[in-house]
Amino acid sequence: MTYRLVPTPLDGQGAELEWPEARPGGMADGMLDACIRTDGIREALDSLAQPEVLVVTSGQQPGLFTGPLYTLYKAISARALAQHLRERWDRPVVPVFWTAGDDHDFAEANHANWLRADGSLATASLEARPETAPLTPLYRLPLGTGVLALLDTLEADLASAPHGADVVAWLGRHYRPDATIAGAFNGAMAELLAPLGVVCFDSTHPAAKRLAARHIMKAVGLSQDLDRDLAARARALEQAGVKPGVSVGDGATLAMLESRLGRDRLIIDGRSLVTRRSQERFQLDDLHAIAAQEPSRLSANVLLRPVIESALLPTVAYVAGPGELRYLELTPPIYQRMRIIQQRPMPRWSGLIVPRRVDRVLEKFEATLDELLRPGEALETRVVRSHVPTDALSALASLREAIEGAYDTVERLGVAIDPTLEKPLKRVRHQALAGTADAEHRLISHLKRREKTELRQIARARTAVRPLEKPQERVLGLATFRALYGDDLIQDLARAVDAWYSAALEGNPIPS
């Protein structure tokens, strides 16, 4: 195989996973209309139409060229869990990928990273928006003509890859100047996931917006109670050593409203509600009118979103990343107040795609993957140090040994003369040892400049598995690896994720 898959369990994934519990099935009225149609998804849609159907969901905000790898991992994880539940319960359980087009984080969505043929990292971004621009939801924000230049760059960088042309064609079908960021993401993800039987759900579809608005307004009506409940929940979690990472108890509702400055948080202000940034004031009746006439203007914040999802879909589990799992600890009071069934949060699969060329570098330098992944340049230093002349290393070792031995005697005699000499003599000893360390550092630094080729090989290998000193799945997108390995990679990922969940759910240790 020209690559290998290495699971890297996320924080808190050392234990067995608990099975989700079943719930009443069936999609809410109109929600099938919000499912994105694409070739190959008919069977999954037919299953969703069955009255007893349940779903396992995951989701992500839109990203350029489908965003980082973990977006795919979340969808494939939902698929694996749905398959296991389908077999366990003998009823239809469908994986659904919720596309969060309401999100307004343009800085998160506007860029993509991939590897060039030489192994270096390429980063491409859409044109930056002015700081004063309204926070427009991504489902309303066109890509613009700048996306064409980014596709040209991607095509040039992937030209030598076996499946590069196919990848560029796939992305080019969806990432068009007239498409919105969310619309392009929806189309590309739906086409990618259809062969796996994963349905993409457009949460900004008018049918979804209408139904969601009713639940959002219910949450607005409960705002003061929810604010108190969440503050108490946060205190209890913090006392237990859990940091959810989301601020609560500050008088903010769980609702967002598109207003003069774009998507804005509604804040409780006496008997009124005020948008946080634009300071527009609304009475509850005003918001009810918006919910009835312009439901697209309303959306849920990060804590309310999974609750809305469970209200719209018969969800038994939500597959989440580590940050989501932390803040989902806050949400039980919301489900309780709103009388909505809570789905079980489940960790997604996390892992590395390790290309064969990375393994060749590891073999050449007799290194491990863990050694390559460690922060800093310990591997480079070890490799270069192996080129330091043996006589020099012996001389440095002898010098250190001589210094240590001589200063043992000096310190012993000095303390006998005057105990106050102990600390000054230790400082002098450390200075002398530092001199030998500095000499070794200078030798290695000069060798590093001379051994550029070997160090470049290590740097390229590290860029493939830990780009920008961050996890691969959070930086690199699918384009690089699908261009190199085609759809075989996606099928291999599906098998690996399925095996991981199988082991975890059956009470075996999670593979590592």
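Let me sum up the structure you'll find in this document.

Criteria and cut-off values
- Residues numbered from 1 in each chain as written.
- Predicted model: local features only at pLDDT ≥ 70, side-chain atom pairs only at ≥ 80, totals over all residues.
- Heavy atoms only, no water.
- Helix = DSSP H or I, 4+ residues; strand = E, 2+ residues; numbered from the N terminus.
- Expected span 1.5 Å × (residues − 1).
- Buried < 20%, exposed > 50% of the residue type's maximum accessible area, 1.4 Å probe, protein only.
- Phe/Tyr/Trp six-rings, centres within 6.5 Å; stacked < 30°, edge-to-face > 60°.
- Lys NZ or Arg CZ within 6 Å of the ring centre and 35° of its normal.

The first and last C-alpha atoms of helix α6 (residues 181–193) sit 18 Å apart over 13 residues, in line with the 18 Å expected at 1.5 Å per residue. Among the 13 residues of α6, eleven are classified as buried, and the element is accordingly described as predominantly covered. Taken residue by residue, α6 has Ile-181, Ala-182, Ala-184, Phe-185, Asn-186, Gly-187, Ala-188, Met-189, Ala-190, Leu-192 and Leu-193 as its buried positions.

The full count for this structure, using the stated rule, is seven aromatic pairs. For the pair Phe-65 and Tyr-175, a centre-to-centre distance of 5.3 Å together with 80° between the ring planes defines the contact as edge-to-face. With a gap of 110 residues between them, Phe-65 in the loop between β2 (54–60) and α2 (69–89) and Tyr-175 in the loop between α5 (164–174) and α6 connect regions that are remote in the sequence. With centroids separated by 6.4 Å and ring planes inclined at 45°, the aromatic side chains of Phe-97 and Phe-185 adopt a geometry described as tilted. On the criterion of sequence distance, the pair formed by Phe-97 in strand β3 (residues 93–99) and Phe-185 in helix α6 is long-range, its members being 88 residues apart. Considered together, Phe-97 and Phe-185 belong to a single accessibility category, that of buried residues. Among the aromatic residues, ring-to-ring pairing joins Phe-65, Trp-114 and Tyr-175 into one connected group. Here the basic side chain of Arg-88 rests over the ring of Trp-19, its NZ or CZ set 4.0 Å away from the ring centre. When the ring centre of Phe-106 is taken as origin, the NZ or CZ atom of Arg-129, which lies over that ring, is 5.4 Å away.

All we've got here are geometric facts, nothing functional implied.
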